[in-house]
Amino acid sequence: EAKDFAAARSRYAEASGLKPAEQYPKDRMKLCDDQMGAAAKEKAYTDAIAAADTKFDAKDFAGAKTKYAEASGIKPAEQYPKDRIKACDDALAVAALDKQYNDLIKSADAKFTAKAYADAKTIYGQASALKTAEQYPKDRIKACDDALGAAAVDKQYKDLVKEADTKFNAKDYTGAQDRYTKASGIKPEDKYQKDKI
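To continue, consider the confidence of the model for the protein. With 98% of its residues at a pLDDT of 70 or more, the protein shows a mean pLDDT of 90. Here helix α1 (residues 2-18) stands out as the least confident element of the protein, with mean pLDDT 79; helix α4 (residues 80-113) is the most confident, with 96.

Our focus in this paragraph is the packing of aromatic side chains. Inspection of every chain in the model, using the stated rule, returns seven aromatic pairs. Seen in terms of ring centroids, Phe 112 and Tyr 117 are 5.1 Å apart; in terms of plane orientation they differ by 70°. Their pairing is edge-to-face. Owing to a relative accessible area of 17%, Tyr 117 belongs among the buried residues under this scheme. Ring centres of Phe 168 and Tyr 173 lie 5.4 Å apart, and the angle between their planes is 75°; this geometry places the pair in the edge-to-face category.

Let us look at the packing of helix α2 (residues 24-57) against helix α3 (residues 61-74). Helix-helix packing: each pair is described by the crossing angle between the helix axes and the interaxial distance. Axis separation between α2 and α3 bottoms out at 8 Å; the angle between their running directions is 160°. On the basis of their axis angle, the class for α2 and α3 is roughly antiparallel. Of the two possible hands of crossing, α2 and α3 adopt the one that is left-handed. Counting all contacts with α2, which are made through Lys 41, Ala 44, Tyr 45, Ala 48, Ile 49, Ala 51, Ala 52, Asp 53, Lys 55 and Phe 56, the residues of α3 involved are Phe 61, Gly 63, Ala 64, Lys 67, Tyr 68, Glu 70, Ala 71 and Ile 74. Of the residues in the contact of α2 with α3, the class split is 12 nonpolar, one polar and five charged.

Across its 34 residues, α4 extends 49 Å between first and last C-alpha, which sits within 8% of the 50 Å expected from 1.5 Å per residue. Residues of α4 that are buried: Pro 81, Ile 85, Cys 88, Ala 91, Tyr 101, Leu 104, Ile 105, Ala 108 and Phe 112. In this structure, the buried side of α4 is in contact with α2, α3, α5 (117-130) and α6 (136-169). Looking one or two places after α4, you find Lys 115, whose phi comes out positive at around 65°.

The residue Lys 115 is not glycine, and still its phi comes out positive at about 65°. Note on placement: Lys 115 falls in the loop between α4 and α5. With relative accessibility at 59%, the residue Lys 115 sits in the exposed group. Positive phi values are uncommon outside glycine, yet Lys 171 reaches one of about 65°. Residue position: Lys 171 is located in the loop between α6 and α7 (173-186).

In the contact formed by α2 and α4, the axes pass within 12 Å of each other and the chain directions differ by 25°. Classified by the interaxial angle, the pair formed by α2 and α4 is roughly parallel. The hand of the α2/α4 crossing is left-handed. Along the contact surface, α2 presents Tyr 45, Ile 49, Asp 53 and Phe 56, while α4 presents Tyr 80, Pro 81, Arg 84, Ala 87 and Cys 88. Here the residues of the contact of α2 with α4 are counted per class, giving seven nonpolar, no polar and two charged.

The subject of this paragraph is α6. Over its 34 residues, α6 runs 49 Å from end to end, which matches the ideal 50 Å to within 8%, given 1.5 Å per residue. For α6, the complete set of buried residues consists of Pro 137, Ile 141, Cys 144, Ala 147, Tyr 157, Leu 160, Val 161 and Ala 164. Trailing α6 by a residue or two, Lys 171 shows a phi angle of about 65°, which is positive.

Parameters and conventions
- Residues numbered from 1 in each chain as written.
- Predicted model: local features only at pLDDT ≥ 70, side-chain atom pairs only at ≥ 80, totals over all residues.
- Heavy atoms only, no water.
- pLDDT = per-residue confidence, 0-100.
- Helix = DSSP H or I, 4+ residues; strand = E, 2+ residues; numbered from the N terminus.
- Phe/Tyr/Trp six-rings, centres within 6.5 Å; stacked < 30°, edge-to-face > 60°.
- Buried < 20%, exposed > 50% of the residue type's maximum accessible area, 1.4 Å probe, protein only.
- Axes fitted to C-alpha atoms, helices over the stretch in contact; angles between N-to-C directions.
- Parallel < 35°, antiparallel > 145°, perpendicular 65-115°, else oblique.
- Left-handed = near helix turned anticlockwise from the far one by under 90°.
- Contact = heavy atoms within 4.5 Å.
- Nonpolar A, V, L, I, M, F, W, Y, C, P; charged D, E, K, R; others polar.
- Expected span 1.5 Å × (residues − 1).

If you want it as structure tokens, here you go:
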């Protein structure tokens, strides 16, 4: 289409050269120039949209946003590139949230593996606040609570056994038996305090 306007313009220029005073060929030359500009503008817009859509489909949202902005600059009245820029912004926000969530989970898992349950629980809580529908951090918070509870019970048991051993070695058998009995109540499956009793 642009080539037709170029050929027509050339003919109007010839006519204008033959009769320089005539306005009609000059008006038609301007119309041809405008049409060639409009065709080039339409092609640039279409090319920018096609490139943007390709990038969007490939999940290159930052690249797609740049191309949609370019298309919007060519044709500011068009709504499509504006809507797609919003879709890119939304997708980029989701991607950023996913990365933040995954980083928190990775950090919390490392703390949990290192038995730093209180720290792990805090970080799992942050991850859960980011993505409230996710079950994994909720399950891990419970696992932290269970581990913290087990650690507290284990410490209480060990403290009682240590006190009992101290009393036993000091020949305070009544005091030792009392502590071994309490320890047995905490961990009835453990044979040590039963043997000592």
